[in-house]
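Residue strings, one per chain:
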Amino acid sequence: MDSVQFESLPREELEAVQLRRLQETCSRVYNLVPHYKESFDKAGIKPEDVKSLKDLSKLPFTIKQDMRDNYPYGLFTVSLDKVVRIHSSSGTTGKPTVVGYTAEDMKSWNEIMGRVYRMAGLNSSDILHNAYGYGLFTGGLGFHSAAEQMGMTVVPSSGGFTSRQLMLMKDYGATVLGSTPTFALHLAEVALKEGYDLKNDFKLRAGVFGAEPVSPGLKEEIEKVWGIQYFETYGLSEIMGPGVSGSCPYSKHLHVAEDHFIPEIIDPETGDPLPYGERGELVFTTITKQAIPLIRYRTKDLTTLFSEPCKCGRTLVRMESIVGRSDDMLIIGGVNVFPSQIEHVIAEVEGLSLNYIIIADKKGRLDKMDLEVEVCDTIELSDDTLMSKIKNELREGIRNHLYVNANVILVANGTLARSEGKAVRVIDKRPG
Ligand SMILES: [Zn+2]
């Protein structure tokens, strides 16, 4: 069966394939990885007890700490002579997490990322300007090698050097941009400042974005300012890298490559599985990975899965764009707040840009939230009437949507620091 057929298999057939691959993966990790032998035994389950996909919920979770505890190669199921690539994610605390890929794994990765490109309508005549960071991070090379395999022309520009990137995009005739959404917006901002005509100086027709939770407002803004179609991919190095899921032209949700990964949604507090349509923490079990298969890996990303059929004909379940990470969630006065929700409200207020920063702090014993937002460059900060109108509208919107109070501070366009990778949206100054 080729890769394309998997995308629209009847569910029963897909599930039969998943079960067989899950069973193989379970015996593989149980027999080859001491960590899994131990965690399966502790959970009182043997690989042969996995008789249906429902049994998945009996298997133990894997968490990032397990990867750190087995640093660097303790969770690998192949010897290093079979490994052709290493990636790792920077740990802000302690050791990074390391993943390896066999030649077979690279084939799977190119295949699923290739699907994302095809869903976006791209083909060998496209020119991809790849502004994802190259290096240990999976973004740059993940986008790169699948595009090259498809015969696209890849410009491996990596991050940074905004003005130079714009020159290359124009001169080399990029038709597709691969970057984080905030960098795409930053590129547009600089381009306008430097006098480019975004729609006529560039040949861009689509963008494949990922690696950050964003609001629908920011997506629309990028589509509008660049005059392109917004496509999205989701991925994480522990599971594979970009390409784990991707959006099609008919849905803003992302089809999951279920022939390679089984997604689940769990209650982040209790760990209990949640049904389709309910929001919770995304968990993945890899079922084709050779070098480092992971059982029920907790991503900490919050989303919802949908099983309704999609107009594109694919039968793969869809996940909503990541709402936030359980790590990024701020608790303000007992209320859960995600930066993407704040962003959504900002997008609805006229006169504001989507450059903002949330600062959580304490006032006495109470939580307080400052929200610094840049106004659009067409707006005068000295117009007091307009400023108080915008402030009120934003404060009201946040109170109505999120049930928290925000102290809104409007700042001039270009004041807040720009990120060339993942945007920093939150500063939490509260102790502990
Ligand atoms: Zn679809």
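Residues numbered from 1 in each chain as written. Predicted model: local features only at pLDDT ≥ 70, side-chain atom pairs only at ≥ 80, totals over all residues. Heavy atoms only, no water.

### Some points on the sheet that holds strand E10 (residues 261–266)
Working step 1: The 5 strands are arranged E11-E10-E12-E13-E16 in an open sheet whose pairing can be described as antiparallel. Each edge of the sheet is formed by a strand with only one pairing partner; in this case those strands are strand E11 (273–274) and strand E16 (324–325).
Working step 2: In this structure, E10 lies alongside strand E12 (residues 280–286), joined through 6 bridges in antiparallel fashion. Bridge pairing links Ile-262 to Thr-285 in E12. (Pairing = 2+ DSSP bridges. Helix = DSSP H or I, 4+ residues; strand = E, 2+ residues; numbered from the N terminus.)

### Observations regarding unusual backbone geometry
Working step 1: For the bond from Tyr-71 to Pro-72, the omega torsion is -5°, close enough to zero to count as cis.
Working step 2: For Pro-72, the position within the fold is in the loop between helix H4 (64–69) and strand E1 (83–89).
Working step 3: Backbone geometry at Phe-161 places phi at a positive 45°, although glycine is not the residue there.
Working step 4: With respect to the secondary-structure elements, Phe-161 resides in the loop between strand E4 (153–155) and helix H7 (162–171).
Working step 5: Judged by relative accessible area, Phe-161 falls into the exposed class, the value being 63%.
Working step 6: At Lys-300, a residue that is not glycine, the phi angle is positive and equals roughly 70°. (Buried < 20%, exposed > 50% of the residue type's maximum accessible area, 1.4 Å probe, protein only.)

### Here we look at the coordination of the zinc ion
Working step 1: Taken together, the protein donors to the zinc ion comprise Cys-248 (SG), His-255 (NE2), Cys-310 (SG) and Cys-312 (SG), at separations of 2.1 to 2.3 Å.
Working step 2: Between the 4 donor atoms coordinating the zinc ion, the angles at the centre fall across 100 to 116°, so the site counts as tetrahedral.
Working step 3: Within one chain, the residues donating to the zinc ion are spaced in sequence as C-x6-H-x54-C-x1-C.
Working step 4: We classify Cys-310 as buried; its relative accessible area is 10%. (Donors = N, O, S within 2.8 Å, 3.2 Å for Na, K, Ca; no water. Tetrahedral: all angles 85-135°; square planar, octahedral: opposite > 155°, others 65-115°.)

### Some details on the environment of Ile-239
Working step 1: Position of Ile-239 relative to the elements: it lies in the loop between strand E7 (229–236) and strand E8 (241–247).
Working step 2: Its relative accessible area of 0% is what places Ile-239 among the buried residues.
Working step 3: On a C-alpha basis, the gap between Ile-239 and Ser-326 in space is 18 Å, while along the polypeptide they are 87 residues apart.
Working step 4: Dropping the residues within four chain positions of it, Ile-239 is found in contact with Val-244, Phe-261, Phe-284, Thr-286, Lys-289, Leu-294 and Tyr-297. (Contact = heavy atoms within 4.5 Å.)

### As for the side chain of Arg-430
Working step 1: For Arg-430, the position within the fold is in the segment after strand E22 (426–428).
Working step 2: For Arg-430, a relative accessible area of 16% gives the class buried.
Working step 3: Of note is the side chain of Arg-430, whose polar atom sits 2.7 Å from the backbone oxygen of Ile-331.
Working step 4: A distance of 2.8 Å separates a polar atom in the side chain of Arg-430 from a polar atom in the side chain of Asp-428.
Working step 5: Setting aside residues no more than four positions away along its own chain, Arg-430 makes contact with Leu-330, Ile-331, Ile-332, Ala-360, Asp-361, Lys-362 and Asp-367. (Polar contact = N/O pair within 3.5 Å; in protein donor to acceptor, adjacent residues only side chain to side chain.)

### What about helix H8 (residues 181–193)?
Working step 1: Under the 1.5 Å per step criterion, the end-to-end length of H8 is 19 Å for 13 residues, consistent within 8% with the ideal 18 Å.
Working step 2: Looking at H8, one finds that the buried residues are Pro-181, Thr-182, Phe-183, Ala-184, Leu-185, His-186, Leu-187, Ala-188, Glu-189, Val-190 and Ala-191.
Working step 3: If you follow the buried residues of H8, they end up packed against H7, strand E5 (176–179), strand E6 (206–210), helix H9 (216–226), E7 and strand E19 (352–363).
Working step 4: The positive-phi residue at the C-terminal boundary of H8 is Gly-195, with phi of around 85°. (Expected span 1.5 Å × (residues − 1).)

### Observations concerning the packing of aromatic side chains
Working step 1: Under the definition given, this model contains 11 aromatic pairs.
Working step 2: Between Tyr-36 and Phe-40, the ring centres sit 6.2 Å apart and the planes meet at 90°, which makes this aromatic pair edge-to-face. Remark: Phe-40 and Tyr-36 occur in helix H3 (residues 34–43); sequence separation between them is 4 residues, near one turn of the helix.
Working step 3: Phe-40 gets classed as buried once you look at its relative accessible area, which sits at 0%.
Working step 4: With centroids separated by 4.7 Å and ring planes inclined at 35°, the aromatic side chains of Phe-209 and Tyr-230 adopt a geometry described as tilted. Of this pair, Phe-209 sits in strand E6 while Tyr-230 is found in strand E7, placing the two residues 21 residues apart along the sequence.
Working step 5: On the accessibility criterion, Phe-209 (0% relative accessible area) is buried.
Working step 6: By relative accessible area, which is 11% here, Tyr-230 ends up buried.
Working step 7: In this structure an aromatic cluster arises from ring pairing among Tyr-30, Tyr-36 and Phe-40. (Phe/Tyr/Trp six-rings, centres within 6.5 Å; stacked < 30°, edge-to-face > 60°.)

Remember that the coordinates give geometry; whether it matters functionally is a separate question.
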